[in-house]
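# A closer look at the structure
Below, each chain spelled out in residue letters.
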2 protein chains.
Amino acid sequence: MSTTIAGTDPRTATALAPVAEATTTEQVDRLAAGAAAAAPELHQRGREFRAGLLDAIADAAEARRTDLIAIASQETGFADTKLGAELTRTVFQFNFFADILRDGGYLEATIDHAGDTPMGPRPDLRRILVPTGPVAVFGASNFPFAFSVLGGDTASAIAAGSPVIVKAHDSHPATSALSFQILREAAQAVGAPTATFGIVYGIRGGVDLVAHPSIKAVGFTGSLSGGNALIDVINGRDEPIPFYGELSSINPVIVTADAATERAEDIASGLVASITAGSGQMCTKPGLVLVPTGSDGDRLVAAARAGVADVAPQVLLNERIYRTYGNDTAALGTEAVIANSTTGRSGEQGFTVSSKLFETTVSDLTRGLISEIFGPVTVIVRYDAAHTADSLTRALDTLEPALTATLHIGSGEQDLVGELVTIVEGRAGRIIFNGFPTGVAVSWAQTHGGPWPATNSIHTSVGATAIRRFLRPITYQDAPESILPPELRDNFGDIPRRIDGALQTAR
Amino acid sequence: MSTTIAGTDPRTATALAPVAEATTTEQVDRLAAGAAAAAPELHQRGREFRAGLLDAIADAAEARRTDLIAIASQETGFADTKLGAELTRTVFQFNFFADILRDGGYLEATIDHAGDTPMGPRPDLRRILVPTGPVAVFGASNFPFAFSVLGGDTASAIAAGSPVIVKAHDSHPATSALSFQILREAAQAVGAPTATFGIVYGIRGGVDLVAHPSIKAVGFTGSLSGGNALIDVINGRDEPIPFYGELSSINPVIVTADAATERAEDIASGLVASITAGSGQMCTKPGLVLVPTGSDGDRLVAAARAGVADVAPQVLLNERIYRTYGNDTAALGTEAVIANSTTGRSGEQGFTVSSKLFETTVSDLTRGLISEIFGPVTVIVRYDAAHTADSLTRALDTLEPALTATLHIGSGEQDLVGELVTIVEGRAGRIIFNGFPTGVAVSWAQTHGGPWPATNSIHTSVGATAIRRFLRPITYQDAPESILPPELRDNFGDIPRRIDGALQTAR
């Protein structure tokens, strides 16, 4: 029995043309075996070869910009401006990982020459990172480019030297198919093994992929329930493998009393823009905003309400998100402790919804009352500005840790800010000052991750060090120079290395 | 109902004096809550403070050298020379992690100043690694110092800034108790929080510890079955946490034809020393040795047999290891494809056993025939020197991946060696040339880890980068200078940092 995979136009809720058949267990088996066979070659072709492959993918994606945006727009309902910016990010990301390969610092190349130690003579030891092996990447619904087939997990895994098999997200199979074609053609153009890239369609294919013995790591951006289901699959494997899941995040925003006094209206307008970016379907959307009691806080809330009331109808990605948004916002609205919701303008067609703003107080918060809702909604929580630190700690104790925590602070609050940073540091992977968490720059210093359930990883999924997820260390002891990787030979100076304990930059 | 914890003298198989009561669930709860409360302080006291703590532990352990060795000798049956060398390593390890803290490179401090990018303006982003939170460390039977209460997991977790609760190994509870006293007193001496260190006794206490919500990572060196049991406990938690297990390793040794010709007797004597080090109870003991057919190989085997026949009786650590060694070597000896075992000198008392050497051929190997046996035993496998690469690939395909792979090579075998390295690279974390895998140097470039079931980690448990296991990244976006950790401020130059993409060494 085969199942046809097709997307839906979320603006009209009508089915689109079929894209593919659901991948069978036998097909997954062949793809995974191919990836395992291609892995040594991809590793041995070296950094410069893979940098060229990444640049070729970037160029190919840029060349298909118009097609990619058109097809993704139809499948996701996202505006062309959002999709264009996302594709720019995707292209940048492939070029960026090419730069990271050429820099070579990610290899953590380390040489300890033979010598005497307090423990006696030490052999010559040389350490480098090598690829883990084939990686399964699960495309996300909300980033059809930057977290999907052409996304950061793919870029960082290929940079590491591991073949990638992508599970296409059911929300955008045609975008995924075109993206995969770009990957495949770029690989062919530079002479990479054909099995460098693979793609599977359908839930069963994704599960088979994660269960397959040839898969050595999984990158996943999606829901907590979906992530937990895949963790269960991994727990059933003979060989446990790392699962890098980015799962669920409430992204609290804290506004101090002075910040409210100084910038109530600016913060409110930034907030409305942030909660409606991508129709509120960003992993970093602020789900809860802590605003002080008192007149300045009232001003901020009034401005935010006015902003939300004016928000145009928002198209959500698919029927599941649309129904969940309706159910979850309705349920929240009926909580006794939630007051005075404001609703944006409404639309009728497809998976269109109105934005929502709810309000409550810290003393009414209970653990688990507020959790992530995908879509253009947030909850303002008023806290007692006379007891800011205690009140905010109490509020944050009702929440799960998150990808981000945001502080809007006033100009003269040094001591309070230090205290707030201490409170949020254990609960997030990125702390934003006087800004908003949506919009994640791809750079060397970025962290997109956080304590469970934001992720289950001690590594980021965005930025340079995302590559570390798909590498493992290996040490050569007393090896002849000729068999060492070039980066571990004595006279190689093109990359940063730690030699006899001292870090050296590339010469 | 309480259970008393006491060791056994393995030289006589008689029980030793009681050390402690088994730790109760309530006690584990108090310890874990204490560790969670101490964690922020341990982090905020900073690198120099923790370096001082580590040095104080090293000094205190050195000061108790005589007592530690005496008590460990009684509980483990290890020779004083082995225990003395191990304690030296332990002391070195604490000092080494103090050096790593002072170096500061482990923080991966990264600064991206605000600026324009192809994706538009980028905020100021500053990344650093922070502790994961309290760590549970499981002491190993076979290293009462270097992989136990005073071991590398403890040193690296404390260096990272995470409190540690150790599960004492039942083979050496009195050694563990004295080791813990040293930790506790050193912490008091430097003014560290009392709950920086905790200890639990008994299997139930260990399980409760791993299940406790305040524990954020687990370091484990032990058996595959023990590791799998703890992985199951973690799979039952609401919050998954990293489990760093070092579990099982066959450590194949490959001798090429030229190496046998050039150094048959030297290799044989080194091999016998390696398989009997620590009574064959090292994680890196060679469990399988691939020797070419032909007269040079015959010479090597004859010399190894003579060496094993002459090995004095060996004392094993405990009754479980003693019984398993007896059962597993007896079972191996009855395999139809195993021929001509050689047995060392025998002893009668306690958990004393004879060394064993078995022999078979590559064509008789089947998957799973040879697996890890703790104790002084190895299997020599003869391969066809006319088809070295094929024959060795076939042999290694019958084995699980390992911590190490060792190559004994001749002086003129460049091409063959390259081929062999390619074969073993995917199957081990350390590749040794013309040496033996036992004896793991503690250094910057060391890797003690490997693909499952050697470990389930993409990180090492020995050497500088072991600290990475207990850290997670955090990024500050547009943060005021005053709230940043010192290492992320613009004018701090004491540690290596990557600034706007360029690595800079400490100034």
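Residues numbered from 1 in each chain as written. Chains lettered and ligands numbered in written order. Predicted model: local features only at pLDDT ≥ 70, side-chain atom pairs only at ≥ 80, totals over all residues.

## What to know about the overall build of chain A
Along the backbone of chain A there are 13 helices and 23 strands. For chain A, the C-alpha radius of gyration of 24 Å lies close to 23 Å, the compact-globule estimate for 507 residues. In terms of principal-axis extent, the alpha carbons of chain A reach across some 75 × 65 × 40 Å. Looking at chain A as a whole, 60% of its 507 residues are labelled buried. Expressed as a percentage of contacts within chain A between residues at least 6 apart in sequence, the contacts between residues at least 24 apart total 75%. (Helix = DSSP H or I, 4+ residues; strand = E, 2+ residues; numbered from the N terminus. Rg over C-alpha atoms; globule rule 2.2 N^0.38 Å. Buried ≥ 20, exposed ≤ 12 C-beta atoms within 10 Å, placed from the backbone. Contact = placed C-beta atoms within 7 Å.)

## Observations regarding the sheet that holds strand β7 (residues 135-138) of chain A
Residue and element names in this part refer to chain A. Spatially, β9-β8-β7-β10-β11 is the arrangement adopted by the five strands of the open sheet, whose pairing is parallel. Each edge of the open sheet is held by one strand with a lone partner, namely β9 (197-200) and β11 (243-246). Each strand axis lies, on average, 15 degrees off the axis of its neighbour in the sheet, ignoring direction. Inspection of the sheet shows β7 paired to strand β10 (residues 217-221) by four bridges, in the parallel sense. Within β10, the residue paired with Ala136 across the bridge is Val218. On the sheet, helix α6 (residues 173-190) packs against β8 (164-167) and β9 and is oriented at approximately 160 degrees with respect to β9. (Pairing = 2+ DSSP bridges. Axes fitted to C-alpha atoms, helices over the stretch in contact; angles between N-to-C directions.)

## Thoughts on the environment of Ile467 of chain A
Residues and elements named next belong to chain A. On the secondary structure map, Ile467 appears in the loop between β20 (428-433) and β21 (471-477). Separated by 311 residues in sequence, Ile467 and Ser156 place their C-alpha atoms 4.7 Å apart. Apart from the residues lying within four places of it in its own chain, the contact partners of Ile467 are Phe97, Ile100, Tyr106, Ser156, Ala159 and Ala160.

## Quick notes on the pairing of strand β19 (residues 402-408) of chain A
Residue and element names in this part refer to chain A. Counting buried positions along β19 yields seven of seven residues, so the element is predominantly enclosed. Here strand β12 (residues 252-255) pairs with β19 via three bridges, running parallel. Bridged to Val253 within β19 is Thr406. The sheet contact formed by β19 and β20 spans five bridges and is parallel. Across the sheet, Ala402 pairs through a bridge with Ala428, a residue of β20. You can see the chain leave β19, run along helix α13 (residues 414-425) and come back into β20, and the turn it takes is right-handed. (Right-handed = clockwise from strand over helix to strand, strands pointing away.)

## Points about the interface of chain B and chain A
Chain B puts 64 residues into the contact, and the matching count from chain A is 64 residues. Broken down by element, the side of chain B that touches chain A gets its largest block of residues, seven residues, from strand β21 (residues 471-477) of chain B. Taken together, the residues of the side of chain B that touches chain A sort by class into 31 nonpolar, 22 polar and 11 charged. (Nonpolar A, V, L, I, M, F, W, Y, C, P; charged D, E, K, R; others polar.)

## Quick look at the relation of the copies chain B and chain A
Superposing chain B onto chain A takes a rotation of 180 degrees plus a shift of 0.0 Å along the axis, which leaves an RMSD of 0.0 Å. In symmetry terms, the pair is related by a two-fold rotation axis. Here 98% of the contact residues of chain B are again contact residues in chain A; the copies associate through an equivalent surface. (Least-squares fit on C-alpha atoms with pLDDT ≥ 70 in both.)

## Observations concerning the domain arrangement of chain A
All names here are of chain A. Once the domains are mapped, chain A shows domain 1 (31-247 + 457-474 + 481-488) and domain 2 (252-433). Computed from C-alpha atoms alone, the centre-to-centre distance between domain 1 and domain 2 is 34 Å. Listed by partner, the interface residues are eight residues for domain 1 and eight residues for domain 2. Per-class residue counts for the side of domain 1 that touches domain 2 are one nonpolar, five polar and two charged. (Domains from an automatic or database assignment.)

## Focus: the nonpolar core
What tends to happen in soluble globular proteins is that the nonpolar side chains get buried as a cluster. Leu54, Ile57 and Leu290 of chain A together with Leu54, Ile57 and Leu290 of chain B are the most contacted members of the largest nonpolar core, which has 302 residues in total. Once residues lying within four places of it in the same chain are set aside, the contact partners of Leu290 of chain A are Pro252, Val253, Ile254, Val255, Val381, Tyr383, Leu392 and Ala395 of chain A. (Core = buried A, V, L, I, M, F, W, Y, C linked by C-beta atoms within 7 Å.)

## Some thoughts on the sheet that holds strand β13 (residues 288-292) of chain A
Strands sit in the order β15(A)-β17(A)-β18(A)-β13(A)-β12(A)-β19(A)-β20(A)-β21(B)-β6(B)-β3(B)-β22(B)-β23(B) across an open sheet of 12 strands; the sheet is mixed. Single-partner strands in this sheet number two, and they are β15 (339-343) of chain A together with β23 (502-504) of chain B. With direction set aside, neighbouring strand axes in the sheet form an average angle of 20 degrees. Inspection of the sheet shows strand β3 (residues 110-112) of chain B paired to strand β22 (residues 497-499) of chain B by two bridges, in the parallel sense. Bridging across to β22 of chain B, Thr110 of chain B finds its partner in Arg498 of chain B.

## Brief notes about helix α1 (residues 25-44) of chain A
Residue and element names in this part refer to chain A. Between its first and last C-alpha, α1 extends 30 Å over 20 residues, near the 28 Å set by a 1.5 Å rise per residue. Helix geometry: α1 is bent most strongly at Ala38, by close to 35 degrees, with proline Pro40 lying one to four residues after it. Along α1, the residues that are buried comprise Val28, Leu31, Ala32, Gly34, Ala35, Ala38, Ala39, Leu42 and His43. Buried residues along α1 sit against β6 (125-131), β8, β9 and α7 (203-211). (Expected span 1.5 Å × (residues − 1). Bend = angle between axes of the 7 residues up to and from the residue.)

## Notes on the packing of helix α4 (residues 80-103) of chain A against helix α5 (residues 152-160) of chain A
Residue and element names in this part refer to chain A. At a closest axis distance of 9 Å, the pairing of α4 and α5 adopts a crossing angle of 25 degrees. In terms of orientation, α4 lies roughly parallel with respect to α5. The crossing of α4 and α5 is right-handed. Contacts from Gln93, Phe94, Phe97, Ile100 and Leu101 in α4 reach Gly152, Ala155, Ser156 and Ala159 in α5. Classifying every residue of the contact of α4 with α5 gives six nonpolar, three polar and no charged. (Parallel < 35°, antiparallel > 145°, perpendicular 65-115°, else oblique. Left-handed = near helix turned anticlockwise from the far one by under 90°.)

## A few points about the environment of Ala229 of chain A
Residue and element names in this part refer to chain A. Within the secondary structure, Ala229 sits in helix α8 (residues 224-235). A count of 15 C-beta atoms within 10 Å places Ala229 in the partly exposed class. Along the sequence, Ala229 and Ile215 sit 14 residues apart, while their C-alpha atoms lie 17 Å from each other.

## Quick notes on the environment of Glu265 of chain A
Residue and element names in this part refer to chain A. In this fold, Glu265 is placed in helix α9 (residues 257-276). Judged by C-beta crowding, with 14 C-beta atoms within 10 Å, Glu265 ranks as partly exposed. When the C-alpha atoms of Glu265 and Asp296 are compared, they prove to be 9.6 Å apart, with 31 residues separating the residues in sequence.

## Looking at helix α4 (residues 80-103) of chain B
Given a rise of 1.5 Å per residue, 24 residues ought to cover 34 Å, and the 34 Å separating the end C-alpha atoms of α4 of chain B matches this to within 8%. Looking one or two places after α4 of chain B, you find Gly104 of chain B, whose phi comes out positive at around 80 degrees.

## Some points on the packing of helix α2 (residues 46-63) of chain B against helix α5 (residues 152-160) of chain B
Residue and element names in this part refer to chain B. Following both chains from N to C, one finds α2 and α5 inclined at 155 degrees, their axes separated by 9 Å at the closest point. As far as their axial angle goes, α5 and α2 are roughly antiparallel. Here α2 contributes Arg50, Leu53 and Leu54 to the contact with α5, which in turn contributes Ala155, Ile158 and Ala159. For the contact of α2 with α5, the per-class residue count stands at five nonpolar, no polar and one charged.

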